[in-house]
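Coordinates in review
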Amino acid sequence: MKKYQPITPEIIGELEKIVGEKYVLTSLAARERYQTDEETDPRFFHMPEAVVSPGSTEEVAAVMQLANKFDFPVTPRSGGTSVSCGAIAVYGGIVLLMERLDKIEKIDLAGMYMIVQAGVKTIDIQHAAKEQGLFYAGDPCSAENCLIGGNLATNAGGNKAVRYGTTRNQVYSIEVVTPTGEITNLGARLKKCSTGYCLDQLVIGSEGTLGIITKATLKLLPLAPYKMDVLAIFTDVQKATGIVPILVRAGLNPTSVEFMDNSFVRVSSDYSELKMPHYEDGSYVIISIETFDEEELEKKIEKLQELCMANGATDVLDANERVWTLRRNCLESTMALSPVSTSDDFVVPQSSIAKAIDHLSQVAGNYPFRVFTLAHAGDGNLHFQILKGNLSDKEWEDSLNSFHAKAYEYIYAQGGRLSGEHGIGAKKVRQLEKYTDPVELGMMRAIKKALDPKDVLNPGKVFNI
Ligand SMILES: Cc1cc2nc3c(=O)[nH]c(=O)nc-3n(C[C@H](O)[C@H](O)[C@H](O)COP(=O)(O)OP(=O)(O)OC[C@H]3O[C@@H](n4cnc5c(N)ncnc54)[C@H](O)[C@@H]3O)c2cc1C
């Protein structure tokens, strides 16, 4: 591990000159507040030495120049909703809060795009587009708390990726501060472009290791006027998740296909104080269909109901906002059962999701922890929420390590990967290094070394150099 320069009074003075005194925090309370993101396991917490809030791209650049001059690490942080320890300052140094860059600069109706600073909340982008009769398709379940810069850095997925793709598909261009403190614009507002390397897409999804995103030009879409959410309830999990390839083959082109197992239905209903159908035995699949034509919607819903009933659904109902509340509250609802838990984020080919959930649930059943299952089923992306409960630290660590070793072997054998949307962060560095082809890993390291020779931007994330 590299030894960095601790943050000295001289560095604090320089940071204050850049962003203003009140935007540099060094109190224990402030540092404690940013010692974790959504990570609940104190073993992964790490206190930064200072918390810095720049108010402009130029200030971000000046902070990076200072980090290179003095050799201290910088961890960018947006909403802090990372569940892979992405926003934790694992090597100390400073946490750089992006939340002051919070302006929607422009919405262009004719060109159908929006220019936003990186600290705008995702939900505000969705609302601003809708107010203009347009649609922003990025929709992570954390939309109320995460910021667009964080979504871009992690290439967030979410509820609508099955139809519209992940965050990287919603972007024309980004403004970036490089690890050495230069400002550049990557990408262009073009439908197509074959002009040099696609560096915007390299920085997007790099989890803040190759640049700090300060602004983005986002694509907007026409807002479909007709929409319906259907709740298909199954008592057989295999049949519930097995519906995905059937819907895809039928050409229904759903906007969302979200799965939650019965344990999640129960715990989230209790937490949300909602009385839900088939509480006792139902696993839920929420399927959304959107169209520009009313008749087409009716036909698709009819077909959807037919397919679900013919393939094992116990009930097919109109879903309403309550079902989405239930879905959104899933993770929070398990906190009451166990303050420490971990969120797995396996991704497999879309057609393998049912088999993968079945196999991994059986493997997980051999361990002493409790497991709840969610899936962005249409994306082949499954989340296991694993609860520590009363296990000792050693039992927790040993059982998780053993489960993960088996799970990752299986996932890779299916052609899957370690993360579908949450990223590697600091949490899966060892696994990424183990499961990635050495040539591919070498290419990633070469890029990181070329762009960040001192390894000052978000060190300890994705892989070690
Ligand atoms: C309840 C809940 C539901 C969730 N649902 C989803 C979901 O449906 N889909 C999904 O993909 N994820 C989901 N997540 C995970 C998380 O919300 C996403 O990873 C999100 O994109 C993180 O955004 P953030 O603003 O909170 O970023 P942070 O957590 O602050 O940061 C995430 C990473 O990006 C880096 N970073 C942050 N800002 C910048 C920037 N401006 N430039 C460069 N790097 C930066 C950080 O260093 C860190 O590595 C969920 C999390 C929770 C708690």
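Residues numbered from 1 in each chain as written. Predicted model: local features only at pLDDT ≥ 70, side-chain atom pairs only at ≥ 80, totals over all residues. Heavy atoms only, no water.

Turning our eyes to something else, we now look at the domain arrangement of the protein. As far as domains go, the protein holds domain 1 (104–222) and domain 2 (226–413). The distance between the C-alpha centroids of domain 1 and domain 2 comes to 27 Å. Taken together, the ten residues of domain 1 in the interface contact 15 residues of domain 2. Both faces combined, the contact of domain 1 with domain 2 buries some 1,100 Å², and carbon together with sulfur accounts for 51% of it. Three residues stand out in domain 1 for area buried against domain 2, namely Asn159, Val162 and Arg163, and they jointly supply 55% of the buried area on that side. There are five residue pairs in polar contact (both at pLDDT 80 or more) connecting domain 1 and domain 2. Per element, the largest residue contribution to the side of domain 1 that touches domain 2 is four residues, and it comes from helix H6 (residues 161–164). Of the residues belonging to the side of domain 1 that touches domain 2, the class tally is five nonpolar, two polar and three charged. (Domains from an automatic or database assignment. Contact = heavy atoms within 4.5 Å. Buried area = accessible area lost by both parts, 1.4 Å probe. Polar contact = N/O pair within 3.5 Å; in protein donor to acceptor, adjacent residues only side chain to side chain. Helix = DSSP H or I, 4+ residues; strand = E, 2+ residues; numbered from the N terminus. Nonpolar A, V, L, I, M, F, W, Y, C, P; charged D, E, K, R; others polar.)

Close to the ligand lie 34 residues; Pro76, Ser78, Gly79, Thr81 and Ser142 are nearest. The contact in question runs from an oxygen atom of the ligand to an N or O atom on the backbone of Ser82, over 2.9 Å. Between the ligand and Leu147, the relevant distance is 2.9 Å, taken from an oxygen atom to a main-chain nitrogen or oxygen of the residue. Starting from 970 Å² of accessible surface for the ligand in isolation, the protein chains cover 95%. Of all the secondary structure elements, the ones that give two or more residues to the shell around the ligand are strand E3 (74–77), helix H5 (148–154) and strand E10 (212–219). The element best represented in the shell around the ligand is H5, accounting for five residues. Broken down by class, the residue content of the shell around the ligand amounts to twelve nonpolar, 18 polar and four charged. (Near = heavy atom within 4 Å. Areas by Shrake-Rupley, 256 points an atom, 1.4 Å probe, with all protein chains shown as cover.)

This next bit is on the sheet that holds E10. With antiparallel pairing, the five strands of this open sheet are ordered in space as E5-E6-E10-E8-E9. The open sheet has two edge strands with one neighbour each: strand E5 (104–108) and strand E9 (183–187). Direction aside, neighbouring strands of the sheet carry axes that sit 15° apart on average. Across four bridges, E5 lies against strand E6 (residues 113–117) in antiparallel orientation. Directly across from Asp108, in E6, lies its bridge partner Tyr113. Along the sheet, helix H3 (residues 57–70) makes contact with strand E8 (171–177), E9 and E10, crossing E8 at roughly 50°. Taken strand by strand, helix H4 (residues 122–131) contacts E5, E6 and E10, and its axis lies near 150° from that of E6. (Pairing = 2+ DSSP bridges. Axes fitted to C-alpha atoms, helices over the stretch in contact; angles between N-to-C directions.)

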